[in-house]
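# Geometric and topological summary
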Amino acid sequence: MADYDRRQGGGGGYNNRKRRYRDDDDRDHRGPRRRYDAPPHVRIRKQLLSIAENPMRSWHEEVQSIANLFTDNWDDELLRSNFVDLLLQITVEQPLKIPFLAAVLLVANTNKSEIIDLLLAKLVSNVEAKIGEGEWRDVKLYLKLLACLQSCLEGEGVFPVLEELFDRAVDLQTASSEDTIGTELVKIILLTLPYVMVAAPDQWQQKAADLMEKTEIIASEPHTLQALIEPYHPERVEEGAPPTTSLIGLLQNQLQNEANNGWILSCLPRPWEFPVGEIEVQSKLSNPTKHPLPPISIPQTVVAGPRPLFPEVYFSVYADQDVESVPPVTNAAASLIRDALLDTINILDYNRNITARHLIEVDCFFAPRTFAARATPFDRLRDIEPPKSTWKPEDVAVDAVFSQLFQLPNPEHKLVYYHAVLTEACKLAPAAIAPSLGRAIRYLYRNIHRLDLELTDRFTDWFSHHLSNFGFTWKWTEWVDDVFLPDLHPCKAFIAGAIDKEIRLSFAQRIKNTLPEPYQALISPEKEKDVPDFKFKDPQTPFAAEGEEIAGLLKRKAADEEIQPIIERIHALALDNNLDPLVASTDVFVTCVLHVGSKSLSHVLAAIERTKDRLTDAGATSDAARAQIISSVMSYWSSHPGVAICIVEKLLNYSILTPACVINWALVSYAGRTKGDALGKMHVYELVFNTVIKVTGRVRQVVQKTNQPDAEVGNEMADAEVTAMRGLFKDMEDALVSWASGSKDEIMEVGEGEGGAGSEHERLVRRWGERWLRVFRRRAAIEETFLQEAAKEKKAVAAGVTAAGGATAGEAIAVDPAVDPTGEAVVDDVL
Amino acid sequence: MPIRSTVERLDRPSAYYTSRRRRPDNHRDGEEDTNMQPEQTEDPLKDATTIYVGNLSFYTTEEQVYELFSKCGEIKRLVMGLDRITKTPCGFCFVEYYTHQDALDCMKYIGGTKLDERIIRTDLDPEFEEGRQYGRGKSGGQVRDEYREDYDEGRGGLGRAIRSERLIEAERRDHNDGEYGRLR
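Procedures and definitions
Residues numbered from 1 in each chain as written. Chains lettered and ligands numbered in written order. Predicted model: local features only at pLDDT ≥ 70, side-chain atom pairs only at ≥ 80, totals over all residues. Heavy atoms only, no water. Helix = DSSP H or I, 4+ residues; strand = E, 2+ residues; numbered from the N terminus. Buried < 20%, exposed > 50% of the residue type's maximum accessible area, 1.4 Å probe, protein only. Contact = heavy atoms within 4.5 Å. Areas by Shrake-Rupley, 256 points an atom, 1.4 Å probe, with all protein chains shown as cover. Core = buried A, V, L, I, M, F, W, Y, C linked by side-chain atoms within 4.5 Å. Pairing = 2+ DSSP bridges. Axes fitted to C-alpha atoms, helices over the stretch in contact; angles between N-to-C directions. Parallel < 35°, antiparallel > 145°, perpendicular 65-115°, else oblique. Left-handed = near helix turned anticlockwise from the far one by under 90°. UniProt positions renumbered as here; feature names shortened; annotations may be inferred. pLDDT = per-residue confidence, 0-100. Buried area = accessible area lost by both parts, 1.4 Å probe. Salt bridge = Lys/Arg side-chain N within 4 Å of Asp/Glu carboxyl O. Polar contact = N/O pair within 3.5 Å; in protein donor to acceptor, adjacent residues only side chain to side chain. Nonpolar A, V, L, I, M, F, W, Y, C, P; charged D, E, K, R; others polar. Phe/Tyr/Trp six-rings, centres within 6.5 Å; stacked < 30°, edge-to-face > 60°. Lys NZ or Arg CZ within 6 Å of the ring centre and 35° of its normal.

The next thing to look at is the overall build of chain B. Secondary structure assignment for chain B yields 5 helices and 6 strands. Of the regular secondary structure in chain B, the N- to C-terminal order runs α-α-β-α-β-β-α-β-β-β-α. Looking at chain B as a whole, 47% of its 184 residues are labelled buried. A separation threshold of at least 6 residues defines the contact pool for chain B, and within that pool the share at least 24 residues apart is 63%. Accessible area of chain B: about 10,700 Å², with a carbon and sulfur share of 49%.

Here's what the structure looks like:
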């Protein structure tokens, strides 16, 4: 069986070129062969897996052919049980196909009705297992299949299950206003309902109305964390509160609209409706054998599962267009199509090629005429006469990926996955996808002043990474006027940040060649040098002689004793010149280490490794000296901030620097020195953000370890880590509040008209302060949520209750080298 | 054994790795072959944190590799592949992460995408060992660069063996051509 499947499942891999080649050989060159029909189970598998993928085949033919092939071979017991397993597996792995699988079952039911009982038995036990694990997406997908089978279920079919889920949701919501599981359950109910309504039309209006009356209360109540995860962060002067985009709130309203219009739900496919010519099958389908749905037991306490649940917002990059290229937020299609696409995207992260293909072929899986023709240029949508659809399948697909890329606090997978999906989609259908991406980029750029800063950073990162996959081509000319904006302007900051990241993935000269002339001034000649100048080469630089000497000693790997006298000479010289001796010697020494290691990151890491004792001592002497280490790194590599950030990260791993020190350097010293300009530099944000993620990742790891029954990590250690993290957030809050409120000394000191109080510069700096503040307040809130959940879980473990899963770390956490026994950079201390 | 997915996974080792693993078994003596019991050896890639990266340009730097591969997690160690003789980069490297998951994600999200405008290849790797950073080709680089017939600017033009063959040929022609020289 494996050989057959591999062939048709292939095309996704990029590693199997050789194998495919050999397969072709087998087929092509062995002369005439007797026609060989694969055994039924193989054919069924093949057809089921590709169901609805071919737009040239009509759904009813495909559905009927599979159903008949199956019922014709009913006596094959293995086939029977494999069939059920496979259907359920496709349900949770390729959710766009669920209605079509249901149609196969409904047709099979007209011939061998036992199949439905076989399926229901397995489905029910799977649902129960998934509820137990808190795998709510799988629960939703099984229920979706069940909903599509509503017409062949006895009694009220799937409704009792939905009602019981709702009861749980009510319990949870009354118990805590911060509950997210209840909200998730209501979301599942609302997303299942439309499928019931199209599977068994005109029967359940009253039931649906009753249920929706109940869900209204929960769906319309904004969650406490809602405000922090909104993607936009409007300036205070702008129009009042932005309209809420709570996903569940929108969904409730959309379904209310549908209910008022008799549940037309025109976007959903109905592959169980056969054309007029197939009257015989259709009449059988209209009077199906009914089956009792075995009871699904839902435990009294339900769990959040392995992924932390947060309220969700509906995000679209095509919201403000004059022609609707995506469903409007008032239409249920917006939520239903988005939901199916998001599940597809997030489930299939292990094969981005298939994800991209499903995205591009999205129109195959929804009702005909839901979308405009593929690759219709945006400008031509205007010419489409109503009632024909103007929804561009490419826009709908791309929008779904962007909604993940811009999901706060984090999407399910690493951000780079969503980059890769967009890259693949663009490779598969460049003419169709690239213009959609272009409009998305322009929308984001236009809104960058109000986009959350964390999302601005994600945008920059995706944009540069995407361009690096497509020859760095972008129509930069359209933003050319913005090059002359002040550096603190959000658009200018984006341009600078994006160009820097492009250079990091490539090199300065290459990027320069892709940019129109005015932009080229943004790439300084220093950026084109592989190795920065060594400032002590210039005899005018203070301590030039000492610098040259230390560099010489480091180069020939001299013993530390030889370095010490020179350091002492620097101290003496500094004192004579009224300079801080420790700061002076630290600058000289660190700069020399960087210079000796300037050839590559390996070189600098080796140089740090050799001198780590002296570096640690230097950092330990005074706060000023420790801050100087960062200043020296950032200044030596100022033209290549990516390298600087990388080195600081390694210095943190060696405990030569502390997180507090990095944050203080960025938000107080450096930001102060630059009168707030530092806050508008994307690489400074990146440095701070990475440092915070390192700390929070570490805390999560330690806290989870103490939660294990046989915890080796003591509570004291975890408490200390947590306290340190809270202290860090507190420091950031203090520093950022004063930037955001304009009370920072550096702003006050400067006179009016030259960047002081009341000036445009001050307004911009304060705005950056606000944007920073929001990001790190959110991070702090999320970590507190995590700690609360962990405490609950711990209590549960202590009480002997085996809590399955529990809302724990959902984001990617790098194991800290400090706890890695095999790591080269093993250090005892934290971070 | 987990049920095979309905969609092929990209985080599996490549055919290259699996074939190299299998080879020693195939070449065993008949005596051992009669032992039909499949060896239940531990999968060396079960917890692999290292990724082999291939098809890099000779000019791609460590910093570029860091920039791209950090998107899947913090990098613990990076070892650039070097020409055994010249000690210059020869188009591959090993990226070591702190976790197995990061390595798998790297296979899924970075393998087959571009770095420095070349499609790069990734493969799960049991572990970097000293010596493996050097090319195993006859002339110091990677084997694949010996007989490559296409001209690849990022990897030193034509295959080296082909180049030297052509050089020798050209030289021979030069010598034999003596009397027809004016025709050239």
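Moving on, we come to the nonpolar core. In terms of nonpolar packing, the biggest core is built from 286 residues, with Phe 402, Phe 463, Trp 476 and Trp 772 of chain A together with Phe 69 of chain B touching the most fellow members. No other element matches helix α10 (residues 181-199) of chain A, which puts 13 residues into this core. Residues Val 79, Cys 90, Phe 92 and Phe 94 of chain B belong to the second largest nonpolar core, which totals 7 residues.

Bringing unusual backbone geometry into the picture now. Omega for the bond connecting Pro 386 of chain A with Pro 387 of chain A falls within 30 degrees of zero, at 10°, which places this linkage in the cis form. Tracing the chain through its elements places Pro 387 of chain A in the loop between α17 (378-381) and α18 (393-405). Looking along the chain, the bond that leaves Leu 408 of chain A and enters Pro 409 of chain A is cis, with omega of -5°. Checked against the element boundaries, Pro 409 of chain A lands in the loop between α18 and α19 (415-428). The phi angle at Ala 52 of chain A is positive, at roughly 70°, despite the residue not being glycine. Structurally, the position occupied by Ala 52 of chain A is in the loop between α3 (40-49) and α4 (59-72). Although it is not a glycine, Asn 55 of chain B sits at a positive phi angle of roughly 65°. You can see Asn 55 of chain B is positioned in the loop between β1 (50-54) and α3 (62-69).

As a further point, take the pairing of strand β2 (residues 75-82) of chain B. Of all 8 residues that make up β2 of chain B, 6 are buried, and the element is covered over most of its length. Hairpin connection from β2 of chain B to strand β3 (residues 89-97) of chain B: 6 residues lie between these consecutive antiparallel strands, with Lys 87 of chain B at a positive phi of about 60°.

Turning our attention to the packing of helix α33 (residues 715-741) of chain A against helix α35 (residues 760-798) of chain A. Residue and element names in this part refer to chain A. The N-to-C vectors of α33 and α35 enclose an angle of 160°; their axes lie 8 Å apart at closest approach. For the element pair α33 / α35, the angle class is roughly antiparallel. The handedness of the crossing between α33 and α35 comes out as left-handed.

All names here are of chain B. Across the sheet, 4 strands lie side by side as β2-β3-β1-β6; this open sheet has antiparallel pairing. Each edge of the open sheet is held by one strand with a lone partner, namely β2 and β6 (121-125). Taken pair by pair, the neighbouring strands of this sheet meet at an average axis angle of 25°, ignoring direction. Pairing geometry for β1 and β6, over 5 bridges, is antiparallel. Among the inter-strand pairings, Ile 51 is bridged to a residue of β6, identified as Leu 124.

What follows is about the UniProt feature "domain: RRM" (unreviewed entry) in chain B. Here, the residues flagged by UniProt with the feature "domain: RRM" (unreviewed entry) are residues 49-127 of chain B. End C-alpha atoms of residues 49-127 of chain B are separated by 8 Å, and the span's content is 23% helix alongside 39% strand.

Scored by pLDDT, chain A has a mean of 89; 89% of the residues are at 70 or more. Long-range and interchain partners of residues 1-28 of chain A, a stretch whose pLDDT sits below 50, account for 37 contacts in this model, where long-range means more than four residues apart.

Residues and elements named next belong to chain B. With 5 of 5 residues buried, β1 is to be regarded as a mostly interior element. Here β1 shows a buried face lined by Thr 50, Tyr 52 and Gly 54 and a second buried face lined by Ile 51 and Val 53. In this sheet, β3 lies alongside β1 in antiparallel orientation, the contact comprising 4 bridges. Considered in β3, the bridge of Ile 51 is made with Val 95.

Turning next to the interface of chain B and chain A. In this complex, chain B contributes 41 residues to the contact, which on the side of chain A involves 58 residues. Taken together, the two surfaces of chain B and chain A that pack against each other cover about 4,300 Å², and 48% of this comes from carbon and sulfur. On the chain B side of the contact with chain A, Thr 6, Lys 71 and Tyr 109 of chain B bury the most area, a combined 17% of that side's loss. Remark: the boundary between chain B and chain A carries 7 salt bridges. A salt bridge links Asp 461 of chain A to Lys 71 of chain B; the nearest nitrogen and oxygen atoms lie 2.9 Å apart. At the junction of chain B with chain A, the criterion picks out 27 residue pairs in polar contact (both at pLDDT 80 or more). Counting residues per element, the ones that place at least two in the side of chain B that touches chain A are α3, β2, α4 (100-109), β4 (114-115) and β6 of chain B. In the side of chain B that touches chain A, the residues fall into 14 nonpolar, 10 polar and 17 charged.

Take the environment of Leu 124 of chain B next. All names here are of chain B. Locating Leu 124 in the fold gives a position in strand β6. Taking the C-alpha atoms as reference, Leu 124 lies 20 Å from Ser 57; in sequence the two are 67 residues apart. Look past the residues within four positions of Leu 124 in its chain and what remains in contact with it is Asp 11, Pro 13, Tyr 17, Leu 45, Ala 48, Thr 50, Ile 51, Ala 103, Leu 104 and Met 107.

Let us look at the packing of aromatic side chains. Residues and elements named next belong to chain A. One pass over the full model with this rule turns up 38 aromatic pairs over all chains. On the numbers, 6.4 Å between centres and 70° between planes, the contact of Phe 100 with Phe 365 is edge-to-face. One end of the pair, Phe 100, is in helix α6 (residues 98-109); the other, Phe 365, is in the loop between α16 (352-360) and α17, with 265 residues separating them in the sequence. By the burial criterion, Phe 100 is buried, and Phe 365 matches it. Aromatic side chains Phe 534 and Phe 536 sit 5.4 Å apart centroid to centroid with 80° between the ring planes, which places their arrangement in the edge-to-face category. Judged by relative accessible area, which is 6%, Phe 534 ranks as buried. Exposure remark for Phe 536: the relative accessible area of 2% places this residue in the buried category. If you follow Arg 700 out to its NZ or CZ, it ends over the ring of Phe 786, 4.5 Å from the centre.

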